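Examination of the molecular architecture
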Amino acid sequence: MKKSESDEIKDVILESGIKVKPVYGPEDIKDLDFDREIGQPGDYPFTRGIHPLMYRKRPWTMRQYSGFGTAKETNERFKWLLEQGQTALNVAFDLPTQLGLDSDDPFAEEEVGRVGMAVDTLQDMEEAFDGIPMDRISASLTINPVASVMLAMYLVVAEKQGISWDQVRGTTQNDILKEYIGRGTWIFPVEPSIRLIGDMVEFCSKNVPRFNPFSVCGYHIRESGANPVQEMAYAFEIAIAYIQEVLKRGLSIDDFAARIAFNFDIHGNMWEQIAKFRAGRRLWAKIIKERFKAKNPRSMTLRMIAGGGGGGLTIQQPENNIVRGAYYALISALSGTQTMALCSYDEAYTIPSKKAALISLRTMQILADEMGLKDTVDPLGGSYYIEWLTNEMEKAIKECMEKVEELRGMVQVIESGYIQREISRQAYLYEKKIQSGEIAKIGVNKYMMEEEMAEVEIHPFNPRVIEAQRRKLEEIKARRDEKKVREALFGLKKAARTHENVMPHVLKSVRSYATLGEITNVFKEVFGEFKEPVNL
Amino acid sequence: MAEKRIRVLLAKPGLDGHDRGAKVVALALKDAGMEVIYTGLHKTIDEIVNTALQEDVDVIGLSIYSGAHVPLSQKLMNRLKEKDLTDKMVLVGGNIPRRDIKTLIDYGVTGVFPVGARLEDIINFIKEKVKAYNEKIRI
């Protein structure tokens with residue numbers, strides 16, 4: 001290359017801090033041991049994918065986030081999405097439900113049925129899944145501190161449909177540690193919150209073996225401002241904290257590791273994301289095998305939902321988000337995801353409208369059926385650049401994990417507020433780079449247009465939901481057997497105070513039509529509430 | 001005498017847990033020389049008003065991403081009127097659709113900064129309005 005040419009090119013440094021050359025060749029991966037570091041899809045260390053045939057055998061699961069208003073309205077939307085070819089459900093709950101408040105709680109007033117469906121008692125869950133075969137259609141429940149209650153409701157509804165628990169499939173998000181970092185639906189202090197997750201894992205491993213009791217979300221950590229390396233590293237450290245909790249109870253790693261699920265983010269540099277997922281699969285397999293001594297290869301597989309990246313979408317020129325969503329879906333498919341959920345183009349405003357949800361679903365269907373994404377596994381494997389970058393990402397994720405472990409692990413850095421502060425500062429630096437144009441964002445700092453605040457058709461809020469929920473609560477309370485409710489809640493309180501697994505008592509409470517708020521209040525009385533470390 | 005530093009309360013009312021925006025704005029205002037008090041998540045309107053009173057702030061900034069910005073802002077403005085705290089400048093940020101901006105201004109909100117607003121615009125807006133207000137009370 002002539003000197004004048006090399007002077008012209010600018011450095012490319014990825015968000016994770018890795019410097020990228022203009023060209024890669026065999027010398028960049030000359031030390032790469034193919035059998036040990038890459039191997040065949042479906043084989044350790046699963047760099048190329050967790051199944052031998054991947055999408056050739058079964059395309060990714062399509063699971064758009066949906067739910068709003070009452071359970072009845074949500075049930076109609078679920079059925080409509082399934083009719084349109086969606087293959088699983090991803091349930092949105094409103095904020096009062098996510099925070100364990102009943103719809104008649106004064107603090108819930110502005111939020112009932114707004115960003116998801118309102119659930120107060122078992123009856124709401126019965127209505128939400130009415131006519132949906134729960135042994136064939138799996139649901140992912142986006143619920144965290146009160147995941148135990150939603151799991152119990154889900155299981156009782158399945159039972160009423162005549163489906164035995166060993167056939168029930170689904171996921172509770174149930175990743176409380178990331179809630180303290182980003183997303184913010186926490187209730188109880190850290191320690192008892194992790195104990196509840198342990199109770200659920202223990203209960204599911206014995207009774208609901210096809211259910212994923214938690215899904216660790218790098219997603220929200222990245223949305224809060226972390227870079228892709230931190231996203232993966234922090235998610236792994238969180239998963240390790242849960243694993244340690246479960247191992248304390250005498251379960252072996254192979255009793256439950258195959259049911260650990262992950263939820264990751266996609267936005268930013270395409271190659272960095274693809275390498276992140278390939279590196280993540282490899283590193284996770286090594287951690288589970290080498291550190292936790294798993295024997296079952298299935299325990300070592302990083303199973304994930306990925307596709308969305310709300311942080312990459314813009315409120316300006318919102319239709320551009322349709323295009324971004326399609327690229328994120330492409331990245332997700334090239335990365336070997338198991339499940340895809342795209343952020344719809346109106347994500348920057350609200351929960352998806354019917355039209356926006358349909359465009360997201362069709363985006364995935366077009367990719368799967370028209371573009372050849374199902375034809376062959378890990379089509380980018382072997383690319384000099386991708387393999388080099390996969391190595392670099394793995395090294396960086398490992399280093400980032402070591403830093404957290406030097407600070408005594410994820411629980412410690414969350415309780416002190418250290419990690420929240422680090423991520424906020426990074427979000428601020430990122431925002432400054434967006435505002436200065438150092439990081440290009442189309443419609444935001446490049447190719448802006450006068451009509452950039454164009455209105456999109458957004459999901460309308462129904463203010464009558466709160467009255468309907470309150471009425472339903474009154475009716476249920478008048479009808480139910482109060483003695484049964486009190487007994488169940490008393491048993492729950494006793495279990496919460498000791499080391500007894502709370503799940504049988506949560507189930508009993510739910511069956512008695514105790515409300516979500518009543519059950520949560522028992523936990524609040526015993527566990528107390530989280531005190532947020534507010535330090536900027 | 002050096003001018004008194006502008007005091008800003010950044011608040012997260014209600015149940016919404018999206019705090020990236022509030023924290024980014026807090027850091028930007030601090031860098032611009034203001035005193036910033038951040039409430040943390042899940043605050044009631046009464047808690048926010050009490051903090052604003054105790055901390056004697058010039059500005060209250062609400063950050064809302066759940067779509068509940070209209071009822072929550074209305075509640076805050078009513079409470080401020082009841083407590084005779086109408087001298088506090090109120091700003092609202094978050095994912096606010098354009099059609100709602102006028103509604104918020106009609107309630108008495110001074111400025112609305114939806115997602116994508118420039119940090120320097122927020123800083124300059126606060127500085128100018130506080131300065132104008134202080135000049136007005138001096139006369």
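No experiment lies behind these values; they were computed from the predicted model shown.

As for the overall build of chain A
- Each helix and strand counted, chain A has 22 helices and 12 strands in total.
- Relative to the globule expectation of 24 Å for 536 residues, the C-alpha radius of gyration of chain A, 23 Å, shows essentially globular dimensions.
- With respect to the principal axes defined by its C-alpha atoms, chain A has extents near 85 × 55 × 50 Å.
- The buried share of chain A, taken over its 536 residues, is 53%.
- Pairs at least 24 residues apart make up 77% of the contacts formed inside chain A by residues separated by at least 6 positions.

Some details on the overall build of chain B
- When its secondary structure is counted, chain B shows five helices and five strands.
- Expected size for 139 residues packed as a compact globule is a radius of gyration near 14 Å; at 14 Å, chain B falls within 12% of this value.
- For chain B, the spread of C-alpha atoms along the three principal axes comes to 45 × 30 × 25 Å.
- The 139 residues of chain B split such that 49% are buried.
- Considering only intrachain contacts with a sequence separation of at least 6, the fraction spanning at least 24 residues in chain B is 70%.

Considerations on the interface of chain A and chain B
- If you look at the interface, chain A gives 33 residues, while chain B gives 32 residues.
- No other element matches the six residues that helix H18 (residues 418-436) of chain A contributes to the side of chain A that touches chain B.
- Looking at the side of chain A that touches chain B residue by residue, the class counts come to 16 nonpolar, nine polar and eight charged.

Observations concerning unusual backbone geometry
All names here are of chain A.
- Note the cis peptide between tyrosine 44 and proline 45, where omega equals 0°.
- In this fold, proline 45 is placed in the loop between helix H2 (34-38) and helix H3 (54-57).
- Residues other than glycine seldom take positive phi values, yet phenylalanine 46 does so here, at roughly 65°.
- Inspection of the secondary structure assignment puts phenylalanine 46 in the loop between H2 and H3.
- Residue class for phenylalanine 46 comes out buried when judged on the 25 C-beta atoms lying within 10 Å of it.

What to know about the pairing of strand S4 (residues 89-94) of chain B
Residues and elements named next belong to chain B.
- Of all six residues that make up S4, six are buried, and the element is covered over most of its length.
- Side-chain alternation along S4 places Met89, Leu91 and Gly93 on one buried face and Val90, Val92 and Gly94 on a second face that is also buried.
- By the bridge criterion, six bridges tie strand S3 (residues 59-64) to S4 in an arrangement that is parallel. Bridge assignment links leucine 62 to a residue of S4, and that residue is valine 92.
- Once the chain exits S3 it traverses helix H3 (residues 69-82) before rejoining the sheet at S4, and the crossover so formed is right-handed.
- Bridge count for S4 against strand S5 (residues 111-114) is four bridges, and the pairing is parallel. Looking at the pairing, leucine 91 lines up with glycine 111 of S5.
- Between S4 and its parallel partner S5, the chain crosses via helix H4 (residues 98-106), and the hand of that crossover is right-handed.

Some remarks on the packing of helix H20 (residues 482-497) of chain A against helix H22 (residues 516-527) of chain A
All names here are of chain A.
- Relative orientation of the contacting elements H20 and H22 amounts to 35°, with a least axis distance of 10 Å. Judged by the sense of rotation from one axis to the other, the crossing of H20 with H22 is right-handed. Here H20 contributes Leu489, Leu492, Lys493, Ala496 and Arg497 to the contact with H22, which in turn contributes Glu518, Ile519, Val522, Phe523, Glu525 and Val526.
- Of the residues in the contact of H20 with H22, the class split is seven nonpolar, no polar and four charged.

Re the sheet that holds strand S5 (residues 89-91) of chain A
Residue and element names in this part refer to chain A.
- Spatial ordering of the open sheet is given by S4-S5-S6-S7-S8, a layout of five strands whose pairing is parallel. One side of each edge strand has no neighbouring strand; the edge strands of this open sheet are strand S4 (65-66) and strand S8 (211-212).
- Inspection of the sheet shows S5 paired to strand S6 (residues 139-141) by three bridges, in the parallel sense. Its bridge partner lying in S6, leucine 89 is registered against alanine 139.

Focus: the pairing of S3(B)
All names here are of chain B.
- Here S3 lies mainly inside the structure; six of its six residues are buried.
- Strand direction decides the pairing type here: strand S1 (residues 7-11) and S3, joined by four bridges, are parallel. Of the residues in S3, the one forming a bridge with valine 8 is valine 59.

Examining the confidence of the model for chain B
- Per-residue confidence for chain B gives a mean pLDDT of 94, with 98% of residues at or over 70.
- For this predicted complex, the interface confidence score (ipTM) comes to 0.94, while the overall pTM stands at 0.96.

Digging into the environment of A:Cys343
All names here are of chain A.
- Its location among the elements puts cysteine 343 in the loop between strand S12 (339-340) and helix H15 (354-370).
- The exposure class of cysteine 343 is buried, given the 26 C-beta atoms found within 10 Å.
- Note: C-alpha distance between cysteine 343 and glycine 325 (18 residues apart in sequence) is 6.6 Å.
- Ignoring sequence-local partners within four residues, the contact set of cysteine 343 consists of Gly308, Gly309, Gly310, Leu313 and Gly325.

Here we look at the environment of A:Tyr44
All names here are of chain A.
- Within the secondary structure, tyrosine 44 sits in the loop between H2 and H3.
- Distance from tyrosine 44 to threonine 301, taken between C-alpha atoms, is 8.3 Å for residues 257 residues apart in sequence.
- In contact with tyrosine 44, not counting residues within four places along its chain, are Gly39, Ala285, Lys289, Pro297 and Met300.

Thoughts on helix H9 (residues 190-207) of chain A
Residues and elements named next belong to chain A.
- Relative to the 26 Å expected for 18 residues at 1.5 Å per residue, H9 spans 26 Å between its end C-alpha atoms, a close match to the ideal helical length.
- Looking at H9, one finds that the buried residues are Ser193, Ile194, Leu196, Ile197, Gly198, Asp199, Met200, Val201, Glu202, Phe203 and Cys204.
- Looking at the packing, one finds that the buried side of H9 touches helix H7 (147-160), helix H8 (176-181), S8, helix H11 (228-248), helix H12 (253-256) and helix H21 (503-511).

Thoughts on the sheet that holds S1(B)
Residue and element names in this part refer to chain B.
- The strand order S2-S1-S3-S4-S5 describes an open sheet built from five strands, whose pairing is parallel. The sheet terminates laterally at strand S2 (35-38) and S5, the two strands that pair on one side only. Mean inter-strand twist for the sheet, computed between neighbouring axes without regard to direction, equals 20°.

Concerning the nonpolar core
- Within the largest apolar cluster, 199 residues are counted, with the highest numbers of intra-cluster contacts made by A:Ala235, A:Ile397 and B:Val8.
- By residue number, the principal contributor to this core is H11(A), which donates 13 residues.
- When neighbours within four sequence positions are excluded, A:Ala235 is seen to be in contact with A:Val216, A:Cys217, A:Gly218, A:Ile221 and A:Phe262.

Description of H15(A)
- Taking 1.5 Å per residue, 17 residues should reach 24 Å; H15(A) reaches 23 Å between its end C-alpha atoms and fits that length.
- Within H15(A), burial applies to A:Ala356, A:Ala357, A:Ile359, A:Ser360, A:Leu361, A:Thr363, A:Met364 and A:Leu367.

Calculation rules
- Residues numbered from 1 in each chain as written.
- Chains lettered and ligands numbered in written order.
- Predicted model: local features only at pLDDT ≥ 70, side-chain atom pairs only at ≥ 80, totals over all residues.
- Helix = DSSP H or I, 4+ residues; strand = E, 2+ residues; numbered from the N terminus.
- Rg over C-alpha atoms; globule rule 2.2 N^0.38 Å.
- Buried ≥ 20, exposed ≤ 12 C-beta atoms within 10 Å, placed from the backbone.
- Contact = placed C-beta atoms within 7 Å.
- Nonpolar A, V, L, I, M, F, W, Y, C, P; charged D, E, K, R; others polar.
- Pairing = 2+ DSSP bridges.
- Right-handed = clockwise from strand over helix to strand, strands pointing away.
- Axes fitted to C-alpha atoms, helices over the stretch in contact; angles between N-to-C directions.
- Left-handed = near helix turned anticlockwise from the far one by under 90°.
- pLDDT = per-residue confidence, 0-100.
- Expected span 1.5 Å × (residues − 1).
- Core = buried A, V, L, I, M, F, W, Y, C linked by C-beta atoms within 7 Å.

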